[in-house]
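# Understanding the architecture of this molecule
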Amino acid sequence: MNALLNKFPQKVNLKGTIFNLNTDFRVGLNIIMMYEDNSLTIYEKTDIMLELLYKEKIPDELKDVAIEKAMLFLDRWGE
């Protein structure tokens, strides 16, 4: 995926439920900067990432897959 030429996916399927993504480039930058903040725990960073990237609240039972998909999305964003 080329971040300059291709549109980012706007939705993601989490175990049969569709969630909208906030794909503004500033969200990605905020997530990257937040992960560099040593005053936050990994759990706090993960919760903040989910709040920033997903437009809807992620139910607890879908958090593991939501984190996995978020990391894949963010990794591909940087390609």
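A few points on the structure. (Residues numbered from 1 in each chain as written. Predicted model: local features only at pLDDT ≥ 70, side-chain atom pairs only at ≥ 80, totals over all residues. Heavy atoms only, no water.)

### Brief notes about the packing of helix H1 (residues 25-35) against helix H2 (residues 42-53)
Where we set the bar: Convention adopted: a line fitted to C-alpha atoms gives each axis, helices being fitted over their contacting stretch, and angles between N-to-C directions are expressed from 0 to 180 degrees. Runs of H or I in DSSP of at least four residues are treated as helices and runs of E of at least two as strands, each being numbered from the N terminus. If an angle is under 35 degrees, it is roughly parallel; if it is over 145, roughly antiparallel; if it lies from 65 to 115, roughly perpendicular; otherwise it is oblique. The criterion used for residue contact is that any of the two residues' heavy atoms lie within 4.5 Å. Each residue receives one of three labels: charged for Asp, Glu, Lys and Arg, nonpolar for Ala, Val, Leu, Ile, Met, Phe, Trp, Tyr, Cys and Pro, and polar for the others, Gly being one of them.
It is the contact of H1 with H2, at a shortest axis distance of 10 Å, that shows an interaxial angle of 175 degrees. In terms of axis orientation, H1 runs roughly antiparallel to H2. Contacts from Val27, Asn30, Ile31, Met34 and Tyr35 of H1 reach H2 at Ile42, Lys45, Thr46, Ile48, Met49, Leu52 and Leu53. Tallied by class, residues from the contact of H1 with H2 come to nine nonpolar, two polar and one charged.

### Focus: the nonpolar core
Let me state the cut-off plainly: Only buried residues count toward a nonpolar core, which is a set of Ala, Val, Leu, Ile, Met, Phe, Trp, Tyr and Cys residues joined through side-chain atoms within 4.5 Å. Each residue is assigned to one of three classes by its accessible area relative to the maximum for its type, calculated with a 1.4 Å probe on protein chains only: buried under 20%, partly exposed between the two thresholds, exposed over 50%.
Counting residues in each nonpolar core, the largest one holds 19 residues, and the members touching the most others are Leu14, Phe19, Ile31, Met49, Leu53, Tyr54 and Ile58. Mapped by element, the contributors of at least two residues to this core are strand E1 (11-14), H1, H2 and helix H3 (63-77). At five residues, the largest contribution of residues to this core is made by H3. What Ile58 contacts, discounting residues up to four positions off in sequence, is Leu14, Phe19, Lys63 and Ala66.

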